[in-house]
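# Architecture and fold: a report
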Amino acid sequence: MNLKEWAAATGVSYATARRRYESGTLPVPTYRLGRLIMVGEPLTGAAPDAGQVVVYAGVSSADQKADLDRQVARVAVWATGQRLAVDRVVTEIGSAVNGHRKELLALLRDPAVTTIVVEHRGRFARFGAEYVQAALAAQGRRLLVVDPAEVDDDLVRDVTQILTSLCARLYGRRAAADRARRAVEAATGGGAA
């Protein structure tokens, strides 16, 4: 569990627990997992040559940056519940529609990474995740999805981004956002008839 959850469970304020962690006087073993402080011993259930387990968390825009830590916490808690020893946490800001996410591409290229854990399939890749998952499986690697259900709001946002991009190519950048908004309203019946 992370330090905040431990503090709440033991009745200690988070500020006090954080101070004790920083001074080294916390009465329980701790370790870092990305930017999180985890309480307890790290899991060592995997064989040394089994490869790395990496948590990948991503959001599509900078205004969602606060969600990254919460996303990492949810995925890390799930992974430790599955008895996976998380070796590394990778976070990234960029649309799942974009194929040029440097951190994700580096994970896919790294043969030492045998397991990638993500919260939603849409956080990993909006389209074609099944192909990437099949390619990883062919290499003896795997993609684990914590919550396989799609998030409708994320899907609508991604479709709007695709429409905006296509409209920008057809009509120019100035009119793209307006035309994409009107197309989404027409498709969902949200606009005036």
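Report on the accompanying structure. (Residues numbered from 1 in each chain as written. Predicted model: local features only at pLDDT ≥ 70, side-chain atom pairs only at ≥ 80, totals over all residues. Heavy atoms only, no water.)

### Quick look at the packing of helix H1 (residues 3–10) against helix H2 (residues 14–23)
Each pair of packed helices gets described by two things: the angle between the helix axes and the distance between those axes. Our working rule: Interaxial angle, 0 to 180 degrees, is taken between N-to-C directions of lines fitted to C-alpha atoms, where a helix line uses only the stretch in contact. Helical segments are the DSSP runs of H or I of at least four residues, strand segments are the runs of E of at least two, and each set is numbered from the N terminus. These descriptions rest on fixed angle ranges, namely under 35 degrees for roughly parallel, over 145 for roughly antiparallel, 65 to 115 for roughly perpendicular, and the rest for oblique. By convention, the crossing between two helices is left-handed when the near helix turns anticlockwise from the far helix through less than a right angle, and right-handed when the turn is clockwise. Contacts were defined at the residue level, with two residues in contact if any of their heavy atoms lie within 4.5 Å. By the convention adopted, Pro, Cys, Tyr, Trp, Phe, Met, Ile, Leu, Val and Ala count as nonpolar, Lys, Arg, Asp and Glu as charged, and the other residues, Gly among them, as polar.
Relative to each other, H1 and H2 sit at 120°, their axes nearing to 9 Å. Between H1 and H2, the angle falls in the class oblique. Where H1 crosses over H2, the handedness of that crossing is right-handed. Contact with H1, carried on its side by Leu3, Lys4, Trp6 and Ala7, involves Tyr14, Ala17, Arg18 and Tyr21 of H2 and no other residues of that element. Its residues assigned to classes, the contact of H1 with H2 shows six nonpolar, no polar and two charged.

### Some remarks on H1
What counts is decided by this rule: Only protein chains enter the accessibility calculation, which uses a 1.4 Å probe; a residue is then buried when its area is under 20% of its type maximum, exposed when over 50%, and partly exposed in between. The arc refers to the directions leading from the helix axis to the C-beta atoms. Any pair of nitrogen or oxygen atoms within 3.5 Å is treated as a polar contact; in protein, a donor-acceptor pairing is required on top of that, and neighbouring residues in sequence qualify only through side-chain atoms on both sides.
The complete set of buried residues in H1 reads Leu3, Trp6 and Ala7. Along the axis of H1, the buried positions cluster into a sector of 100°, meaning they face one direction only. Residues of H1 that are exposed and point over 90 degrees away from its buried face: Lys4, Ala8 and Ala9. Among the structural elements, H2 and strand E2 (36–39) are those in contact with the buried residues of H1. Measuring from the backbone nitrogen of lysine 4 back to the side-chain oxygen at the start of H1 gives 3.2 Å, which picks out asparagine 2 as the cap.

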